[in-house]
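As a plain string of letters, each chain reads:
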Amino acid sequence: MLNNKPFVGVFNIGIMKLNPKEAFGWYLSLIIEFKETVGSDMPIKKDSSKMQKFVEKLSKELAGNKKHPNAIFLGRITGDGHTQAMWYVNNPETAHEYLQKLISSDKYPFDFNYEMTFDKEWKEAHYWLDPIIEQ
């Protein structure tokens, strides 16, 4: 439950072992809005599957080079009619260019918006992962 509503989350808790974290000082949050929902504003099954594939594609493209990735997946949380996908990014310009190119291509399954903020302390990662790790 988050804000008294059901949510489903998938997180990469191994990210906390990454050193040095400063190399990935930019937090990228991308919000996917669903047009059709069921139950407690969860996406319909077809959209849920499509969203998972889309987020996996984004993760692969944002990371780029496997040996020296530009982005690492933090997690995603779905509920209340949307999914929030999150990454930590090394070079924000590269991530921004990719996302802008994707938007310009008009080849994406859902409308989305995103923002990147500098988070060298990894406050967002701690917000999402500390409660999970402490259990």
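Structure first, text after, so check above.
Calculation notes
Residues numbered from 1 in each chain as written. Predicted model: local features only at pLDDT ≥ 70, side-chain atom pairs only at ≥ 80, totals over all residues. Heavy atoms only, no water. Helix = DSSP H or I, 4+ residues; strand = E, 2+ residues; numbered from the N terminus. Rg over C-alpha atoms; globule rule 2.2 N^0.38 Å. Buried < 20%, exposed > 50% of the residue type's maximum accessible area, 1.4 Å probe, protein only. Contact = heavy atoms within 4.5 Å. Axes fitted to C-alpha atoms, helices over the stretch in contact; angles between N-to-C directions. Parallel < 35°, antiparallel > 145°, perpendicular 65-115°, else oblique. Left-handed = near helix turned anticlockwise from the far one by under 90°. Nonpolar A, V, L, I, M, F, W, Y, C, P; charged D, E, K, R; others polar. Patch = residues over 30% accessible without salt bridge, like charges linked within 9 Å, V, L, I, M, F, W, Y side chains within 5 Å. Areas by Shrake-Rupley, 256 points an atom, 1.4 Å probe, with all protein chains shown as cover. Salt bridge = Lys/Arg side-chain N within 4 Å of Asp/Glu carboxyl O. Pairing = 2+ DSSP bridges. Phe/Tyr/Trp six-rings, centres within 6.5 Å; stacked < 30°, edge-to-face > 60°. Lys NZ or Arg CZ within 6 Å of the ring centre and 35° of its normal.

(A) A look at the overall build of the protein. Broken down by element type, the protein carries three helices and seven strands. Secondary structure of the protein in N-to-C order comes out as β-β-β-β-α-β-β-α-β-α. A compact globule built from 135 residues should have a C-alpha radius of gyration of about 14 Å, and the protein, at 15 Å, falls within 12% of that. Counting only residues that meet the buried cut, the protein has 41% of its 135 residues in that class. Here the analysis covers contacts within the protein between residues at least 6 apart in sequence; of these, 76% occur between residues at least 24 apart.

(B) Quick look at the packing of helix 1 (residues 45–63) against helix 2 (residues 92–105). Put simply, helix 1 and helix 2 touch, their axes get as near as 10 Å, and they point 135° apart. As the angle between them shows, helix 1 and helix 2 are arranged oblique. Relative to helix 2, the crossing made by helix 1 is right-handed. Of helix 2, the residues touching helix 1 (which contributes F54, K57, L58, E61 and L62) are A95, Y98, L99 and L102. Broken down by class, the residue content of the contact of helix 1 with helix 2 amounts to seven nonpolar, no polar and two charged.

(C) Focus on unusual backbone geometry. The amide bond that connects N19 to the next residue, P20, takes the cis arrangement and shows omega of -5°. Following the sequence through the fold, P20 ends up in the loop between strand 1 (8–11) and strand 2 (26–33). Non-glycine residue D106 carries a positive phi angle of around 65°. Topologically, D106 is positioned in the loop between helix 2 and strand 7 (112–118). Despite not being glycine, W122 shows a phi value in the positive range, around 60°.

(D) Spatial organisation of a nonpolar patch on the surface. A surface patch of nonpolar side chains, about 250 Å² in accessible area, is lined by I13, I132 and I133. Among the structural elements, I13 can be located in the loop between strand 1 and strand 2.

(E) Spotlight on the sheet that holds strand 5 (residues 71–79). One open sheet accounts for five strands, arranged 1-5-6-2-7; its pairing is antiparallel. Edge positions in the sheet fall to strand 1 and strand 7, since each has one partner strand and no second. Averaged over all pairs of adjacent strands, the angle between strand axes in this sheet comes to 15°, irrespective of strand direction. As paired strands, strand 5 and strand 6 (residues 82–89) are joined by eight bridges and run antiparallel to one another. Paired with I77 across the two strands is Q84, which belongs to strand 6. Packing of helix 1 onto the sheet brings it into contact with strand 2, strand 5, strand 6 and strand 7, and relative to strand 5 it is tilted by some 160°. Of the strands in this sheet, strand 2, strand 6 and strand 7 touch helix 2, which is tilted by about 170° from strand 7.

(F) Quick peek at the packing of aromatic side chains. This model, assessed by the stated rule, comprises nine aromatic pairs. Taking 6.1 Å as the distance between ring centres and 65° as the angle between the ring planes, the aromatic pair formed by F73 and W87 counts as edge-to-face. Of this pair, F73 sits in strand 5 while W87 sits in strand 6; the two residues are 14 residues apart in sequence, bridging distant segments of the chain. The positively charged end of K21 is found above the aromatic ring belonging to W122, 5.5 Å away from the centroid. Sitting over the face of the ring of F110, K50 holds its NZ or CZ atom 5.8 Å from the ring centroid.

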